[in-house]
Amino acid sequence: MYDYDLLVVGSANADLVIGVERRPVAGETVLGSDLVVHPGGKGANQAVAAARLGARTALLARVGDDAHGRLLLESQREAGVDTAGVLVGGAPTGVALITVDPSGDNSIVVSPGANGRLTPEDVRVADGLLRASRVVSAQLEIPLETVVELVRSLPSGTRFVLNPSPPRLLPAELLAACDPLIVNEHEARVIAGGAPAGPPEDRARALLALGPRSVVVTLGAQGALAATKDAVSRVPSVKVDAVDTTGAGDAFTAALAWRLGAGASLPEAAAYAVRVGAAAVTRSGAQESFPTAEEVEGL
């Protein structure tokens, strides 16, 4: 038996959000709304999203010994996430500067802070947490060497899910562990070194050729695509009125990882994750927008 359905290893940031009529171009200043501070970071977001859905969830991350760090720890605990793996100190808490336009699209700049101090040694020390988890999920807002150490430390039988954001070329050792690799279309192009033009199916096949056991490509309002070496399938979208896309990809990843651990097939898990992501974009913010299982069923 596993103590946790999902262990998320990754970043925890304070999201500093400003609404704008349009995002500025180079050299331009625009006026925006009042600043709002939300708990965020891809790792922390995914942990909260999974816990809201009912998954037994733990987080391995690092935050600063400061007000932003306390905000993040409080939000995790309120959602029901086990924070025993959250380390405190070493640098200020990471911060994400986010602008959101009227269509709900966002632009984000991240200052890693304490996220950059989550080390391979921290992963090795957390061996007991890894062994207690059915599925382990990671992103790339922490050092790449830490994520590589994570896959080296995975117990036999533990499933590994990677959302490689922000994207970069990845070592073969890391790609081979992914089941699945979850990317949007931009991330797919970067990781494949310029994936072929054409339909998303071609990009998914290009990624599979790099070694992942499976690939999921998110397509925004068009749904998603789930691919293995044996089959590629489209997952239709759910039509909603989008308010803010911040955190929608994290909600999708968390839902998919949890459902896979519960025994769903890749297309089944992706279909559920599409509904979770759709519910998340109907509200502002990241963690504040994540739905419960009951709200997902209501779509």
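The sections below set out a description of the structure shown in this document.

Turning our eyes to something else, we now look at the pattern of salt bridges. For the structure shown, the criterion picks out 16 salt bridges. Between Arg 70 and Asp 65 there is a salt bridge; the shortest N-O distance is 3.8 Å. On the accessibility criterion, Asp 65 (63% relative accessible area) is exposed. Through salt bridges with shared partners, a single ionic network connects Glu 121, Arg 124 and Glu 149.

Moving on, we get to the pairing of strand β4 (residues 57-63). Counting buried positions along β4 gives seven out of seven residues, so the element sits mostly inside the fold. With three bridges joining them, β4 and strand β5 (residues 86-88) adopt parallel strand pairing. Each residue of the ladder has a partner; that of Val 63, found in β5, is Val 88. Handedness of the β4-helix α2 (residues 67-79)-β5 crossover: right-handed.

With respect to the helices and strands, the residue Gln 139 is situated in strand β8 (residues 133-139). A distance of 3.3 Å separates a polar side-chain atom of Gln 139 from the backbone nitrogen of Gly 43. Within the local environment of Gln 139, its side chain forms a polar contact with the side chain of Gln 46, the two groups lying 3.2 Å apart. When residues no more than four places from it in sequence are discounted, the contact partners of Gln 139 are Val 8, Val 9, Gly 10, Ser 11, Lys 42, Gly 43, Gln 46, Val 147, Leu 162, Asn 163 and Ser 165.

All right, on to the packing of helix α9 (residues 248-261) against helix α10 (residues 266-280) then. Two numbers describe how α9 lies on α10: the axes approach to 8 Å, and their chain directions differ by 145°. Once α9 is placed against α10, the crossing between them reads as right-handed. Note on element contacts: α10 touches α9 through Leu 266, Ala 269, Ala 270, Tyr 272, Ala 273, Val 274, Val 276, Gly 277 and Ala 280, opposite Ala 248, Ala 251, Phe 252, Ala 255, Leu 256, Trp 258, Arg 259 and Leu 260. Per-class residue counts for the contact of α9 with α10 are 15 nonpolar, one polar and one charged.

Cut-offs used in this document
- Residues numbered from 1 in each chain as written.
- Predicted model: local features only at pLDDT ≥ 70, side-chain atom pairs only at ≥ 80, totals over all residues.
- Heavy atoms only, no water.
- Salt bridge = Lys/Arg side-chain N within 4 Å of Asp/Glu carboxyl O.
- Buried < 20%, exposed > 50% of the residue type's maximum accessible area, 1.4 Å probe, protein only.
- Helix = DSSP H or I, 4+ residues; strand = E, 2+ residues; numbered from the N terminus.
- Pairing = 2+ DSSP bridges.
- Right-handed = clockwise from strand over helix to strand, strands pointing away.
- Polar contact = N/O pair within 3.5 Å; in protein donor to acceptor, adjacent residues only side chain to side chain.
- Contact = heavy atoms within 4.5 Å.
- Axes fitted to C-alpha atoms, helices over the stretch in contact; angles between N-to-C directions.
- Left-handed = near helix turned anticlockwise from the far one by under 90°.
- Nonpolar A, V, L, I, M, F, W, Y, C, P; charged D, E, K, R; others polar.

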